[in-house]
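# Chain and residue survey
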Amino acid sequence: MTMKLDRRSFIKSAAATSAIATAASLFPGISFAGWEKLEDAAGMITWHKAPCRFCGTGCGVLVGVSGERAVAVKGDPNCSVNKGLCCVKGYHSVQALYGKDRITRAKVRKNGEMVEVPITEALDLIAAKMKETISSHGKDSVAVYGSGQWTIPDGYVASKLFKGCIGTNNVEANARLCMASAVTGFMTSFGIDEPMGCYEDIEHANVFVTWGNNMAEMHPVLFSRMLAARKRNGDVEIIDFATRTTRTSQAADKSILFKPQTDLAVANAICHEIIRNNWVNRDFVNKHVSFRKGLTNIGYGVEDHFQFQDKPEGINFAEFETFLKDYTPERVEKISGVSARDIRYLASLYGDPKKKVTSFWCMGMNQHTRGTWINNLVYNIHLLVGKISTPGNSPFSLTGQPSACGTVREVGTLTHKLPHGVVMNEHDRQMAAEIWNVPVENIDPKPTYHTVEMFRALDRGDIRFIWIQVTNPMVTMPKLKRYRDGALKEDRFIVVSDVYPTPTTDVADVILPAAMWIEQEGMFGNSERRTQHFDEIVPPPGEAMSDTWQLIEVARRLGYEKQFPWSRDEYIGKIWEEYRRFHDSPKHNMAPYEVLRARPGVQWPFVNGRETRWRFNPKYDPACTSGEDFHFYGHKDNRAWIWARPYEPAAESPDQEYNFWLNTGRVVEHWHTGSMTRRVPVLHNAMPSSYVEINPDDAAELGVVNGDMVKIISRRGEVAMPASINGRGVPPRGMVFVPFFDESYLINEVTLDAFCPISKQPDYKKCAVRLEKA
């Protein structure tokens, strides 16, 4: 398409910021300090704190502003997350504001063409179209699809408008695609959401196990902290447990490769060995753990209207031990490709009472058709040995977006969620109705569509209007062609709020110019329960406005002025204080607005002026009231649950016709779909296009060398892209890996929309393809 070519030319010629910003980002801690002193002395630069935009880590940055332009950035030494360090994206982050094709004016589709209009006209049209659609097709025919890049106020206002005022639970966010299994895993194991540990675990642990997580590229600042801890303390080990060799493998003390999906079997085998060797912390288990099993052979969600509800049953330790008899290291070696010796080695690390162990994971475990189960199984390992909720002992699911935790998990921007609970619970609905000032009958007790089913509903016509903010689903949805074709149907109305043209704005009927990051005030919430406030540091361009204010403007046009009464100069603080009312308890109390403004971030629960670093441990957690050494207060029995979850195969595996696994993911230079980072010249030049990693032996059989074009073909579609052989990552034989940041190579036209039946999170790591030399 010509528009795609236009965007690529914009990316290549995107304007760089000043020489100061370039020098600062290229030489952190050397040239930057000199520039800072010179410019500060001349009074040209002022510095402002903010959380970084391009990760879920929550690194603190200081943004240098000259006039009304961000010109420099450095790590915030006062932020405990990164302690002054940034990754390559962080050091260049402000340049993402200034691409030449920035959307600064609203556009409306008229006679098939996108035409610039005043933003008031666009907002009027959105409100009118919503009214018309609801009148003709009912309240559940409209939807909003947001993001883990939504600020907390963005997501809160969206949920209040759609769930509280309109009365539809058609609220979802792209975090369903990246951390929903982390939520359901935590909820089923602990009865409450969000990690019990914090990044300080890195300084206390003796062993790190990265479960399918290429931290060196995906969470480089945290990985740098791990490397620093190993350098300081000679007995620290890093174990890379993965399906392909990566930069993390190269830096690790040991790399162990497993066949896709078989992490389930290996985790069970570790538990088998812990019990067989009598490494179980019996006192901890007897006092703090109970055992459960659920349904098996639970399906993969590939059909429309798929429904699943687990049925937990209580079991005892002996029954759990019997369940594990099928998972001896020798049997699991045949399933997983991991040697029995390596399985026993992993078990010995977890089982050694002298070693503190932190497990890290991200998409490898969460984007999994049994994502909830594998989360449960890693928690099982930590619970069996009692290595949990103490410094250095932590099972820790990381996130990839700056507010996947704060806006999606905490605010509750998923169809079944409310800020403090779920729509199915009458007490939770009553509380929300009181705070939102709406009749309780407005809040529907029945969830509607999770993300994959939401876009299926758009295709079917059950949803006719969808407002997409801060995300790019026409690149990220699996089995993409179906959902793009659905969005393009004649009687669908698509609104997109964004900062740059994308394949998602290509399908829009209305495009709203959005303020980006430090062009608005807001809050993010990171992986370690840390809420981070930032001010509007520079003004947004043209008529761009925050997603929060766009929603408020439409809400008022719909007649909900009473629910959205705030003025533009105070609305963020007012929203925050209203939102805090949902979490007014020792289990989740949030810091006041003025405290957030004063600090680089505050961890919740925030009680009596103190942050909580480790939950469920009365030494640190004010919500612990049992009088015991641990208190797992999420479940009614005040215990953590160990689950008997079996190994089950992937939804689609290689066969004679499609004989390769396809795995997708990211690279260190780019973030998600690249719509921002590819407009940063340094990042774009470092990684200008995507590629397919092929094992060198497979490449030789195909007659393919570096740079050759290769077709990747599945039952759903195909894409041709250049080969990368012996590059930064090397897959094993029978697997290929593709980064998805490049809209010129839409790899998700090939992927499968199977998902975990419990979390509804799709599996982007496993489907069957074949390769052909193009």
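Residues numbered from 1 in each chain as written. Predicted model: local features only at pLDDT ≥ 70, side-chain atom pairs only at ≥ 80, totals over all residues. Heavy atoms only, no water.

## Focus: the overall build of the protein
Looking only at helices and strands, one finds 29 helices and 29 strands in the protein. For 774 residues, the compact-globule estimate of 2.2 N^0.38 gives 28 Å, and the protein sits close to it at 25 Å. Along the three orthogonal principal directions, the C-alpha set of the protein runs to about 70 × 65 × 60 Å. Per element, the accessible surface of the protein, about 26,000 Å² overall, is 49% carbon and sulfur. The positive charge centre, built from 92 side chains, and the negative charge centre, built from 91, are 3 Å apart in the protein. (Helix = DSSP H or I, 4+ residues; strand = E, 2+ residues; numbered from the N terminus. Rg over C-alpha atoms; globule rule 2.2 N^0.38 Å. Areas by Shrake-Rupley, 256 points an atom, 1.4 Å probe, with all protein chains shown as cover. Lys, Arg positive; Asp, Glu negative; His and termini not counted. Charge placed at Lys NZ, Arg CZ, Asp CG, Glu CD.)

## Notes on the pairing of strand β29 (residues 767-773)
By the bridge criterion, three bridges tie strand β24 (residues 660-665) to β29 in an arrangement that is antiparallel. Following the sheet pairing, W661 is matched in β29 by A768. Pairing geometry for strand β26 (residues 709-713) and β29, over four bridges, is antiparallel. In the strand pairing of β29, V710 is matched with K773. (Pairing = 2+ DSSP bridges.)

## Considerations on the domain arrangement of the protein
For the protein, the assigned domains are domain 1 (7-98), domain 2 (106-178 + 403-559), domain 3 (189-402) and domain 4 (660-751). In this complex, domain 1 contributes 14 residues to the contact, which on the side of domain 3 involves 14 residues. Of the roughly 940 Å² buried between domain 1 and domain 3 on both sides combined, carbon and sulfur atoms contribute 61%. One can count zero salt bridges joining domain 1 with domain 3. Here domain 1 is connected to domain 3 by three residue pairs in polar contact (both at pLDDT 80 or more). Tallied by class, residues from the side of domain 1 that touches domain 3 come to seven nonpolar, four polar and three charged. (Domains from an automatic or database assignment. Contact = heavy atoms within 4.5 Å. Buried area = accessible area lost by both parts, 1.4 Å probe. Salt bridge = Lys/Arg side-chain N within 4 Å of Asp/Glu carboxyl O. Polar contact = N/O pair within 3.5 Å; in protein donor to acceptor, adjacent residues only side chain to side chain. Nonpolar A, V, L, I, M, F, W, Y, C, P; charged D, E, K, R; others polar.)

## Description of the pairing of strand β17 (residues 465-469)
As a general feature of sheets, a regular strand has side chains that alternate between the two faces. Summarising burial for β17: five of the five residues are buried, a large majority. Residues F465, W467 and Q469 line one face of β17 and the alternating positions I466 and I468 line the opposite face, and both faces are buried. Strand direction decides the pairing type here: strand β6 (residues 142-146) and β17, joined by four bridges, are parallel. Bridge pairing in β17 places A143 opposite I466. Relative to strand β18 (residues 493-498), β17 runs parallel, the two being bridged by five bridges. Each residue of the ladder has a partner; that of I466, found in β18, is I494. (Buried < 20%, exposed > 50% of the residue type's maximum accessible area, 1.4 Å probe, protein only.)

## A few points about the side chain of H368
Mapped onto the secondary structure, H368 falls in the loop between α17 (363-366) and α18 (371-385). Only 3.0 Å separates the side chain of H368 from the side chain of D263, close enough to count as a polar contact. Within the structure, the side chain of H368 is placed 3.0 Å from the backbone nitrogen of R370, a separation counted as a polar contact. Setting aside chain neighbours within four positions, we find H368 in contact with Q261, D263, L264, I374, C756, Q761, P762, D763 and K766.

## Section: empty space enclosed by the protein
Under the counting rule described, the total for this entry stands at six cavities of 30 Å³ or more. Within this model, the largest cavity holds a volume of roughly 650 Å³. Lining the largest cavity are 35 residues; nearest its centre among them are M363, Q367, T664, G665 and K765. Every element with two or more residues in the lining of the largest cavity is listed here: α17, β24 and β28 (735-739). Considering each element in turn, the lining of the largest cavity owes the most residues, three residues, to β24. (1 Å grid on protein atoms, 1.4 Å probe; cavity = no way out; pocket = protein on both sides within 12 Å on 5 of 7 lines; lining within 4 Å. Points joined across faces, edges and corners; volume = space filled by probe spheres on them.)

## Here we look at the pattern of salt bridges
All chains considered together, the criterion is met by 58 salt bridges. Between R176 and E172 there is a salt bridge; the shortest N-O distance is 2.8 Å. In this pair, the class of R176 matches that of E172, namely buried. Counted as one network, the salt bridges with shared partners bring together D304, E453, R456, D459, R460, D462, R482, K489 and D753.

## Focus on the environment of D569
Of note, D569 is situated in the loop between α25 (547-557) and α26 (571-580). What makes D569 exposed here is its relative accessible area of 72%. In this structure, the C-alpha to C-alpha distance between D569 and G674, residues 105 residues apart in sequence, is 32 Å. At 2.5 Å, the side chain of D569 and the side chain of S567 are in polar contact.

## Focus on the sheet that holds strand β9 (residues 237-242)
Across the sheet, five strands lie side by side as β10-β9-β8-β13-β14; this open sheet has parallel pairing. Each edge of the open sheet is held by one strand with a lone partner, namely β10 (254-257) and β14 (394-397). Within this sheet the neighbouring strands show an average axis-to-axis angle of 15 degrees, counted without direction. Across five bridges, strand β8 (residues 207-211) lies against strand β13 (residues 357-361) in parallel orientation. What sits directly across from V209, in β13, is S359. Most of the contacts of α18 go to β13, to which it runs at about 175 degrees, and overall it touches β8, β13 and β14. (Axes fitted to C-alpha atoms, helices over the stretch in contact; angles between N-to-C directions.)

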